[in-house]
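Coordinates in review
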Amino acid sequence: MPQPRLLIVSLSAVLLSACVVAPYPYRGGYAGPAYGGSSESSVMVDVAPPAPYVEVVPAMPYAGAVWIGGYWGWNGGRHQWAPGRWERPRPGYRWQPHAWVQQGGRWHQQGGGWTRF
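Description of the structure in this document.

Rules behind the numbers
- Residues numbered from 1 in each chain as written.
- Predicted model: local features only at pLDDT ≥ 70, side-chain atom pairs only at ≥ 80, totals over all residues.
- Heavy atoms only, no water.
- Buried < 20%, exposed > 50% of the residue type's maximum accessible area, 1.4 Å probe, protein only.
- Helix = DSSP H or I, 4+ residues; strand = E, 2+ residues; numbered from the N terminus.
- Pairing = 2+ DSSP bridges.
- Axes fitted to C-alpha atoms, helices over the stretch in contact; angles between N-to-C directions.
- Phe/Tyr/Trp six-rings, centres within 6.5 Å; stacked < 30°, edge-to-face > 60°.

**Examining the pairing of strand β1 (residues 42–45)**
- Judged by which residues are buried, β1 turns out to be one-sided: Val43 and Val45 face inward and are buried, whereas Ser42 and Met44, on the alternate face, are not.
- Across 4 bridges, β1 lies against strand β8 (residues 106–110) in antiparallel orientation. For Val45, the partnering residue across the bridge sits in β8 and is Trp107.

**Focus on the sheet that holds strand β7 (residues 99–103)**
- Taken in spatial order, the 3 strands line up as β1-β8-β7 in an open sheet, and their pairing is antiparallel. In this open sheet, the two strands that pair with only one neighbour each are β1 and β7. Neighbour-to-neighbour, the strand axes of the sheet open up by a mean angle of 25°, direction not taken into account.

**Let's talk about the packing of aromatic side chains**
- Scanning the model with the defined rule gives 5 aromatic pairs in all.
- Judged by centre distance (5.3 Å) and plane angle (70°), the rings of Trp72 and Trp81 are edge-to-face. Both residues of the pair, Trp72 and Trp81, belong to the buried class.
- Taking 5.5 Å as the distance between ring centres and 75° as the angle between the ring planes, the aromatic pair formed by Trp95 and Trp114 counts as edge-to-face. With Trp95 in strand β6 (residues 93–96) and Trp114 in strand β9 (residues 113–116), this residue pair connects regions lying 19 residues apart in the sequence. Residues Trp95 and Trp114 agree in their burial class; the two are buried.

Next comes the structure, spelled out in structure tokens:
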């Protein structure tokens, strides 16, 4: 019975060779500051962000450094991961991470930045 198996494998290979993986088509949106901008940056898109990556946090480069986690930004008509980084703390401020919020059927990115506490 090797003939039917060979036929199935060959047919599958032919059918799957026509598959194309392409980025999600651009459907509008405005991108503000791409990285570490203010909480006033404005990004509105029709596509939900993917699940966050699980980042391996490298060793702290100096005492008191603050880890800024990565996030999904919007660039070139698609979501793009901006990796986390270490920064010097700002006295009297705390880091507000980037966030995506769904409003009115669209996704709005709230930019991260240092906020006074």
